[in-house]
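Structural overview
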Amino acid sequence: MWSILKREVKNYVKRPLFWIGIVVVVFMIFPNLSPYLNIHYLVEGEEIVNDYPETFRDGDVFEGYVPTDEGMRREIWEEQIKETLISEFQMDNTKAQSVIDEMKEMDIKAACRHLEEYSFYRAYFVYVDTAYHKGTREDINSYIAEKLENRTFSYYFSRKFADFAGLFMGFFATVLLSVLFMQDTRKNTYELLHTKPVSAGNYLLGKVGGGFAVCLIILTVLNLVFFGLCFLFTKNSGFGVKLTDFIVATCFYILPNMLMIVSIYSLISLLFKSPLPAVPLLFLYMVYSNMGSRNAEGVYGYYGRPLAIMVRFPGTFFDTAPPPMSLLNQSFLIIASAGIIFISVQIWKRRRVY
């Protein structure tokens with residue numbers, strides 16, 4: 001098993017295209033993470049200027065937004081509803097204010113249902129867009145300090161890293177691992193391998209282990225690169241940066257996905273005696289994994305899918321969180337991968353020539 005694993009790793013790392021691919025992935029990930037590297041405490045007289053709306057559902061701190069507390073959020077929402085009733089529903093100021101007064105004792109959902117009586121059906125989405133508002137220098141610095149009181153900066157950054165590294169690694173691994181079984185599934189080689197004294201278990205574990213080890217090498221490089229960037233960009237801000245945050249995020253949110261991809265390659269390669277049918281299948285699998293959906297309130301977003309091979313971290317930098325049940329889903333991926341490898345071993349045994 002170990003000799004097969006080492007051979008596969010050597011075959012990959014000695015190819016220039018392997019390292020070129022890593023560089024390409026780094027340059028694909030960096031533009032998505034670079035805005036978060038600019039987060040810092042604002043000094044006296046410094047402000048973030050942009051022409052974005054005053055409130056926004058996904059406003060981030062590097063853009064000058066901070067979360068809106070519930071009391072302020074209700075006030076902003078009522079002001080926006082009133083303006084809309086006047087401008088779009090042709091109500092006068094008195095009538096629009098009376099509608100607002102009618103909803104004073106209602107919660108948001110009840111108030112939104114009440115507005116439907118006036119044919120105003122998007123009130124809840126107006127409320128969603130008040131989640132963040134443009135803050136002052138003091139607001140932004142206070143928000144950053146609060147979020148970093150019990151967590152390191154790299155705790156949040158590593159989650160965004162896992163988001164985009166997992167996305168691009170999924171596509172890169174699909175292309176990269178397509179040649180893992182290519183040579184072995186050629187007719188002459190395939191038949192010859194089945195006459196060798198190597199056991200099915202050792203052969204499959206060596207091949208799968210080799211493919212997984214290659215992904216591990218790539219992710220090690222990516223972890224070191226973006227840990228270094230995170231450290232360099234934030235060292236003057238005094239933010240805490242730990243390599244262990246990147247390692248933990250990678251182990252939880254990316255490695256099980258890589259194991260699933262290489263396991264699928266093993267199964268498809270042995271079923272069809274070619275790894276190529278797995279390529280479109282895995283691309284469709286990733287599209288499925290990355291699809292969004294609507295929650296109970298009808299708000300569109302990423303909430304995760306069963307057995308998805310991609311874990312996204314939507315939301316703003318300091319308020320990002322993994323989708324519900326994501327860790328459980330990652331555990332299921334490991335179990336499913338073990339099951340796929342077991343089936344692959346049985347297929348290999350059935351086709352062995354003694």
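Just above sits the structure.
Summarised in this report is the structure supplied together with it. (Residues numbered from 1 in each chain as written. Predicted model: local features only at pLDDT ≥ 70, side-chain atom pairs only at ≥ 80, totals over all residues. Heavy atoms only, no water.)

So, the packing of helix H11 (residues 243-253) against helix H12 (residues 255-272)
We apply this condition: Angles here are taken between N-to-C directions and fall from 0 to 180 degrees, while the axes themselves are lines fitted to C-alpha atoms, restricted in helices to the stretch in contact. In DSSP terms, a helix is any run of H or I states spanning at least four residues, a strand is any run of E spanning at least two, and both are numbered starting from the N terminus. In this analysis, two residues are considered to be in contact whenever any of their non-hydrogen atoms come within 4.5 Å of each other.
Contact pair H11 / H12: the axes reach a minimum separation of 4 Å and the direction vectors enclose 35 degrees. Residues Thr 250, Cys 251, Phe 252 and Tyr 253 of H11 form the contact with H12, whose own contacting residues are Leu 255, Pro 256 and Asn 257.

A closer look at helix H3 (residues 70-87)
Note the cut-off: An expected span of 1.5 Å times one less than the residue number is assigned to each helix. Throughout this description, a polar contact denotes any pair of N or O atoms lying within 3.5 Å of each other; where both atoms belong to protein, one of them has to be capable of donating a hydrogen while the other can accept it, and for residues adjacent in sequence the pair is counted only when both atoms sit in side chains.
Between its first and last C-alpha atoms H3 spans 26 Å; for 18 residues at 1.5 Å apiece the expected length is 26 Å, and the two agree. Contact partners of the buried residues in H3: strand E1 (55-56), helix H4 (93-102), helix H5 (108-116) and helix H6 (123-128). Capping the start of H3 is the job of one residue whose side-chain oxygen sits 3.2 Å from the backbone nitrogen of Gly 71: Asp 69.

Things to note about the pattern of salt bridges
Rules: Any carboxyl oxygen of Asp or Glu that lies within 4 Å of a side-chain nitrogen of Lys or Arg is treated as forming a salt bridge with it. Throughout this description, buried means an accessible area under 20% of the type-specific maximum (1.4 Å probe, protein chains only), exposed means over 50%, and partly exposed covers the range between.
Evaluation of the coordinates by the stated rule reveals 10 salt bridges. The residue Arg 7 makes a salt bridge to Glu 8 at a minimum N-O spacing of 2.8 Å. Using a relative accessible area of 5% as the deciding quantity, one classes Glu 8 as buried. Lys 207 is the salt-bridge partner of Glu 8, the closest N and O atoms lying 2.7 Å from each other. With a gap of 199 residues between them, Glu 8 in helix H1 (residues 2-13) and Lys 207 in helix H10 (residues 200-234) connect regions that are remote in the sequence. Considered together, Glu 8 and Lys 207 belong to a single accessibility category, that of buried residues.

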